Structure formats: C-alpha cells, structure tokens
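Here's the letter readout for the chains.
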Amino acid sequence: MRCVVVMVTHTAVLQGRASVTCLQNKMTVALEKASMPDISEEFLSLRDPSCTLTTNDTHILGTMSFSTCGTKLEDKGDYIVFKNEIHSIVRSNEIIIRRNNVKIDFYCEFPKTISVSNFYNLHQADYIFTESSFGSFGYSFEIFQNGNFTSRVPPDAYPVQVKMMGMIYMGIQAVSELPNVTLFVESCKGTPDNNPDNPMYYDLIKNGCVKDETVKIHPSNQTNFNFQMQIFKFNGNYDQVYIICNVILCEPGNPFSRCAQGCLSEPSRRRRRGLSMETTGHYITQGPLQVLGPADSSSPVEHKKINAAPKGDTAPEGNFPGVVPEPRSDGATWRFREVFASNITTVVFGSGFVLSLVLLAVVVRYFSRRRRAEDQSLLIEDEFEK
C-alpha cells in the first residue's frame, strides 16, 4: 500500500500541495490552503459533484471509499490504482468568473499480491461520503444470517447463493461525525446488475413507502434500517439480483426534513431540501444474490451461510411481486394437489398406452384379414386354371 503525495500545478505559475492517505477501503485527500490562495472549497468538487469537500483552518479535505464519488479503478499490471480528482466548478448563474481553474488528480495504488479490501467489488458494504454541511459520513449495507440481525454473512460468502422464495435479511447502518443524525431509506429496488440507472428494476420501497408485500421492516434505532424480503429473480436469462437503496441522513427533530415526512404517496408534496439540513440521496448496493432456482416445498429454504426463517415470519405490507409464484398457505392442501396432479398424469399416460394397444390390435386384425382374403383369391385362381 502506498501513500501518494501529489504535486499540483494550477495555472501557469501557482503550485499547490496535496497529500493522500490510503486505507483499506477508503482514501482521504488533503489540499493545503496556503499553497493555493484565493481558492474556496465552494468552487471545488470531486469527480462526482454529489460528494462535497470540507475545510478546516489549514486544509481542504475529501474522504471517499473506492466505489463512490466517481472513483475509477485502473489495472496497471502488478498494481490496482483507484483515481479521483478535485476540479473547479462554474455555477449556472455565473456570467463571468475571476478565479483560477483547478484540476488535481490523486490516487491510491495497491499491489495485487494483497487484498485491497473485502468491501470492494462483490461485497460493497462500506460507502463513505463528504458534504459541507454534514462532514464525512458513511453507510454499511449488510446481509445477515437470520432475523436477529446480529450475525453478518462473511465477505468470503459472496456472491451469496439463495433459493427462490427463500427469505433474506438485510440491514443498513449510518455513521456520521455529527451526533444524533437520522437515517431514512428513500427507496430500494432490485436490479439484474449493480447499475442504479438500469431500466430493468423492481421496486421494493419507493418514496419511503413499502411496495412489495414480502418486505417487512424490523424495529431499530435511528441510524439503522433492518428489513427482510422474499427472494425473486427477473424473467429471462438472469440468475443474479442486486439490491440498490437510496439513503438520506437528516438532522434530528426537524419537521421539515425528508426523514420526518416518511412515506409520500404524492412525491410532489415533498418540501424543498433547503428548509432542513439533510444530505443528498446516495445510492448504496448489496449483492449479487445468486438465485439458484425454485425452493423445495417439502424442506426449509436454504442458502449459502444463511439460515432462512419460515414463510410465516413475513408481514405483507404492499403488492406482491409478479415474478414470484403464489405462496402456499396450506401444506396439506398443497400435498393433496400434488397427489391429485400425479394421479391425473398417471391416468393420462395409462389411457394413452391402452389406446395405442387397441389401435395396434385393429391394424393387425385388418392386415390379417386382408392377407387371408388374398390367399383365398389365389387358391380360387389356381383351381380355375386346373
């Protein structure tokens, strides 16, 4: 692991100094104010403008994980490089500007012989952001082994293998430099990949409202969100599902915040963000969940390193996903249907076999009679010739 010091040239004369601290699953850039006078963090941005910078008396700071804020990955042979940048921004209402342009590239470089982070790529659990009004904050998105939400599925279990209609338990936790913040989950959806803009998706939670009847939200504190849902998969050649949620942090006790509004059946009634202190919405992803196939109706649902609860634990709260077969509420009735269906199949095949034998007998009898008639005709002709 390398800590990279970046020398930055800004305009033709001025030079700036920035340093980067590389940790297992995040990096922090610190730009010295003294080396770049007359530059305000208000006019600087990371590659993803939703991630803002903070400042203290001596430095302009930015913290991000390797999968957020527009961080890019480059493969350089024996090394993996995570790159981002700080650059100038121009506001839409500005007609002219009188400040220098800034573009600061920074990166962290890791040898491939070590594990950069168990949280990167397949197990995207840690997300770190920075905003001017909230400082640095982050989210963890985990899969749990049961409804107690205490035992996490370990990173080496990913991609997690699950069976259709099995229950899965997931939790989101927020961590912030500010005390007493409130976590709000604006939306959660399933997609066949980790792209939040994929046009193929299925809504689980939308505008703070539960849309899928298998989703059950479990009580937790103001910085945790625990829920369970029933496994599904998309129609077509898809065997993986990602869960993507849009999350927000709010100041506590503000009746104008998005957190206080809760479920909005009419999103147009949402109050403007400027009336309260809250973060922008950030997407966090969990997955992939590798769907193996339909669950066995005669045995508990199992998936890799996850103990699934019986279906009776679910509490319907919305519309059931069309991609999931209808649940079986009565085991005895279902077994009767299976036996009944099996008997019908046996009768159909048996009837077909008997019908085939009858047809074969008719054909044999027909040709036998025809052959005897021809033999008799030949005998008559022989007697006539004599």
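As shown above, the structure is provided for reference.
Residues numbered from 1 in each chain as written. Predicted model: local features only at pLDDT ≥ 70, side-chain atom pairs only at ≥ 80, totals over all residues. Heavy atoms only, no water.

Caption draft 1: Highlighting the nonpolar core. Core analysis: the largest hydrophobic core is formed by 64 residues, its most contacted members being Tyr 139, Ile 172, Ile 243 and Cys 245. Sort the elements by how many residues they give to this core and strand E19 (residues 240-250) lands first, with five residues. Residues within four places of Ile 172 in sequence aside, it is in contact with Ser 140, Phe 141, Leu 183, Val 185, Thr 223, Asn 224, Phe 225, Asn 226, Cys 245, Val 247 and Ile 284. (Core = buried A, V, L, I, M, F, W, Y, C linked by side-chain atoms within 4.5 Å. Buried < 20%, exposed > 50% of the residue type's maximum accessible area, 1.4 Å probe, protein only. Helix = DSSP H or I, 4+ residues; strand = E, 2+ residues; numbered from the N terminus. Contact = heavy atoms within 4.5 Å.)

Caption draft 2: Region of interest: the packing of aromatic side chains. Applying the stated rule across the entire model yields nine aromatic pairs. Arranged with centres 6.0 Å apart and planes meeting at 80°, the rings of Phe 149 and Tyr 169 form a pair that is edge-to-face. In this pair, Phe 149 is assigned in the loop between strand E11 (135-144) and strand E12 (160-164) and Tyr 169 in strand E13 (residues 167-176), connecting sequence segments 20 residues apart. Judged by centre distance (5.3 Å) and plane angle (65°), the ring pair of Tyr 202 and Phe 232 falls under edge-to-face. Of this pair, Tyr 202 sits in strand E15 (residues 202-206) while Phe 232 sits in the loop between strand E18 (224-230) and E19; the two residues are 30 residues apart in sequence, bridging distant segments of the chain. Phe 232 carries the same exposure label as Tyr 202, and that label is buried. The structure contains a cluster of three or more aromatic residues connected by ring pairs, namely Phe 129, Phe 137 and Tyr 139. Its guanidinium or amino end placed over the ring of Tyr 201, Lys 189 lies 5.0 Å from that ring's centre, counting from NZ or CZ. (Phe/Tyr/Trp six-rings, centres within 6.5 Å; stacked < 30°, edge-to-face > 60°. Lys NZ or Arg CZ within 6 Å of the ring centre and 35° of its normal.)

Caption draft 3: Quick look at the state of the cysteines. Under the counting rule described, the total for this entry stands at five disulfides. The side chain of Cys 22 participates in a disulfide bridge whose partner is Cys 108; the two sulfur atoms lie 2.0 Å from each other. Across the S-S bond of Cys 22 and Cys 108 the torsion is about -95°, and the bridge reads as left-handed. Placement of the pair is Cys 22 in strand E2 (residues 15-22) and Cys 108 in strand E9 (residues 103-111), with a sequence separation of 86 residues. Here Cys 22 falls in the buried class, since its relative accessible area comes to 5%. With a sulfur-sulfur separation of 2.1 Å, Cys 250 is cross-linked through a disulfide to Cys 259. (Disulfide = S-S within 2.5 Å.)

Caption draft 4: Structural detail: the pattern of salt bridges. Within the structure shown, the criterion is met by seven salt bridges. Notably, a salt bridge pairs Arg 47 with Glu 85, separated by 3.5 Å at the nearest N-O pair. With Arg 47 in the loop between strand E4 (44-46) and strand E5 (54-55) and Glu 85 in strand E8 (residues 79-88), this pair connects stretches of sequence that are 38 residues apart. Under the relative-accessibility criterion, Arg 47 is labelled partly exposed at 25%. (Salt bridge = Lys/Arg side-chain N within 4 Å of Asp/Glu carboxyl O.)

Caption draft 5: A look at the pairing of E13. When you tally the buried positions in E13, you get eight out of ten residues, the bulk of the element. By the bridge criterion, eight bridges tie E11 to E13 in an arrangement that is antiparallel. Counted as the bridge partner of Phe 137 is Ser 176 from E13. Summarising the sheet, E13 and E18 pair through seven bridges and their orientation is antiparallel. Along E18, the bridge assignment pairs Gly 171 with Asn 226. (Pairing = 2+ DSSP bridges.)

Read these as layout, nothing more, since geometry by itself doesn't imply function.
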